[in-house]
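Geometric and topological summary
The residues making up each chain are set out below.
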Amino acid sequence: MKYVAHSPQPATPSHPAPVSPGPGEDPPARAAERMRHRRRDRLQMLGMVLTSYAVDTLLLWVLAAVGVIEPLVVWAYAGAGLSVCALFYVLLSSPWCERQSEQYLVVPQMLAHALINLAFIAWVPQVGGLMLMLLFVIFAFGSLRMSLRSVLLGSLLIAALVGVVIAHVGDRLALPVSGWEARAATGLWFALVLARSALLGLYASDLRALLAKRNAQLAATSEKLEQLAHRDGLTGALNRRSMLRLLDDERERMQRSGQAFGVAMLDIDHFKQVNDRHGHSVGDEVLRHFTIKVAAEMRGTDRLGRYGGEEFLLVLTAATDLGTATAAVDRMRTAVARKDWDEVAFGLDITFSAGVAVCRDGDTTEQLIGRADRALYRAKREGRNCVRSA
C-alpha cells in the first residue's frame, strides 16, 4: 500500500487476518496435521488403484464366462492385485514411509503392478493384447506423481520387460475375438481403459488446479508477510525500520544526484488526553484517520511512516529547501485541523505539531532526524498546532 498525493489509501484493518502461526500454536501439531494429509493423499491414490483392479477383475470374469480364459486366472489376478495393494497399504500408512525421499512410493508401485500384468500376459497370452493396454493405465497413475527422470527410467525398464515377455510368448499373444461374445468383451475392455485414462486426466487437472490455488495462497501469504515486515499493523504506514532504511537510501541518492530532500517529525497534539477521555479504541481510530488525511495531502514521491506511538516521520523527496518543506507540512497541518473529527468521536479536535529539516552534505540519518526532532519540540513549546524548522 503506497500513500500518494490526491489518492489516499484505506488504512490497514486494526485486526489483520493472521498469516503465520502465533506463539501459542503448537508446531508438532501442525507437523502431525501435514503428515495426516500426506497419508490421506497416498491412501486415496491407492484406493484408485484398487478400484482399477476391481474393474479389471470384473472384465476378466466376463472373459471367463464366455470361455476365453479359465476362472482360475480371474481368482489369481484378483488375489495378486489385492495382495500388492495390501502390502502398499501397510507401507504407505507407516511412519517409515514419511522418512523416505519419495513418500508416495510411486515407482515401486508402478513396477509391482506392471510385473503382475506382464506375468499374466506370459501365462494367458490369448488375452495378452488386453493386458498390455493396462500398462497405459498404470503409467497414467504413476505420472501423477513421478518426476521426469522416474518416467524415463520406468519406461525403459518396463519396455525391456515387455520385450522379454513378447519374445517369450511369441505369436500366441492375441486379442480375444473368436466369437461375438469375446469381441464384445474386448470392446468393453478397450472402452473402460479409455475411460480410466480420461478420468486420470481429469484427476491430474484437478491436482494442477489445487496446486495453482495453493501457490496463489502462498503468494498472498508472502505478500502479507512482506507488508507486515515493512508496514505498521495499525495504520498501514511504513514502520520505523523501513523509514530509517528509506532515509539511508535517500541520503545515498542525494550524494549521487546532489538533490536535497526534507524530513518532518509529526506529533499529534495531546494524544494522551484522547486515550484518557475517549478510550484506546478511539485513539486507534484517530491514528488511522490521521494517516489517511496526511497521505491525501502528500505528493506522489513522499513517504509517511509511524515512528512510534503518536509520532510520525515524513520524507519529502521533492523538497530541496526549508521553505518548500515547511509549506508542504503546514498544508497537511491545516488539512488535519480542518477535518471533521466528529465522525471518530463527538467533540473531538485533532491537531499536530511538526519539526522540519532538510538534509545537508555530510549529515547522518541520526543528525537529520535529531534536527527535525529539536524543531518539533520547539513547535510544542511555542503553543503546538504549528510547524517549525531547523
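Above this text you will find the structure in question.
Residues numbered from 1 in each chain as written. Predicted model: local features only at pLDDT ≥ 70, side-chain atom pairs only at ≥ 80, totals over all residues. Heavy atoms only, no water.

Here we take up the sheet that holds strand β4 (residues 352-358). Spatially, the five strands line up as an open sheet ordered β2-β3-β1-β4-β5, and their pairing is mixed. Of all the strands in the sheet, just β2 (303-308) and β5 (387-389) have a single pairing partner and so form its edges. Each strand axis lies, on average, 20° off the axis of its neighbour in the sheet, ignoring direction. Packing of helix α11 (residues 322-338) onto the sheet brings it into contact with β1 (262-268), β3 (311-316), β4 and β5, and relative to β4 it is tilted by some 165°. (Pairing = 2+ DSSP bridges. Helix = DSSP H or I, 4+ residues; strand = E, 2+ residues; numbered from the N terminus. Axes fitted to C-alpha atoms, helices over the stretch in contact; angles between N-to-C directions. Contact = heavy atoms within 4.5 Å.)

The next subject is the packing of aromatic side chains. Applying the stated rule across the entire model yields six aromatic pairs. An angle of 50° between the planes, with centres 5.6 Å apart, marks the rings of Tyr-53 and Tyr-77 as tilted. Here Tyr-53 is found in helix α1 (residues 27-65), whereas its partner Tyr-77 is found in helix α2 (residues 71-93), with 24 residues between them in sequence. Ring plane angle 90° and centroid distance 5.6 Å describe the contact between Trp-61 and Trp-75, whose orientation is recorded as edge-to-face. Note that Trp-61 is positioned in helix α1 and Trp-75 in helix α2, a separation of 14 residues in sequence. Lying across the ring of Tyr-377, Lys-380 places its NZ or CZ 4.9 Å from the centre. (Phe/Tyr/Trp six-rings, centres within 6.5 Å; stacked < 30°, edge-to-face > 60°. Lys NZ or Arg CZ within 6 Å of the ring centre and 35° of its normal.)

Further remarks concern unusual backbone geometry. A positive phi angle, near 50°, is found at His-270, a position not held by glycine. Its place among the elements puts His-270 in the loop between β1 and α9 (271-278). Judged by relative accessible area, His-270 falls into the partly exposed class, the value being 43%. In this model, Asn-385 sits at a positive phi of 50°, which is unusual for a non-glycine residue. (Buried < 20%, exposed > 50% of the residue type's maximum accessible area, 1.4 Å probe, protein only.)

Below, the discussion takes up the nonpolar core. Judged by nonpolar contacts, the single largest core of 51 residues is most densely connected at Leu-266, Val-286, Phe-290, Val-329 and Leu-348. Counting residues per element, this core draws most heavily on helix α10 (residues 280-297), which supplies six residues. Sequence-distant contacts of Leu-266, defined by excluding residues within four places in its chain, comprise Phe-290, Val-294, Leu-304, Glu-310, Glu-311, Phe-312, Val-329, Phe-352, Ser-353 and Ala-354. One finds Tyr-53, Val-124, Ala-185 and Leu-200 within the second-largest nonpolar core, a separate group that totals 47 residues. (Core = buried A, V, L, I, M, F, W, Y, C linked by side-chain atoms within 4.5 Å.)

As for its position among the elements, Arg-231 is in the loop between α7 (180-230) and α8 (240-257). Taking the C-alpha atoms as reference points, Arg-231 and Gly-305, 74 residues apart in sequence, are found 8.1 Å from one another.

Turning our attention to α11. Here α11 spans 24 Å end to end across 17 residues, near enough to the 24 Å set by a 1.5 Å rise per residue. Taken together, the buried positions of α11 are Ala-325, Thr-326, Ala-328, Val-329, Met-332, Arg-333, Ala-335 and Val-336. N-cap assignment for α11: the residue whose side-chain oxygen lies 3.0 Å from the backbone N of Gly-323 is Asp-321. (Expected span 1.5 Å × (residues − 1). Polar contact = N/O pair within 3.5 Å; in protein donor to acceptor, adjacent residues only side chain to side chain.)

Another aspect to go through is the side chain of Asp-302. With respect to the helices, strands and loops of the structure, Asp-302 is situated in the loop between α10 and β2. A distance of 3.4 Å separates a polar side-chain atom of Asp-302 from the backbone nitrogen of Thr-317.

Let us now look at the packing of α9 against α10. Where α9 contacts α10, the axes come no closer than 7 Å and their chain directions differ by 140°. Judged by the angle between their axes, α9 and α10 are oblique. Residue-level inspection shows Phe-271, Val-274, Asn-275 and His-278 of α9 in contact with α10, the latter providing His-280, Val-282, Gly-283, Val-286 and Leu-287. (Parallel < 35°, antiparallel > 145°, perpendicular 65-115°, else oblique.)

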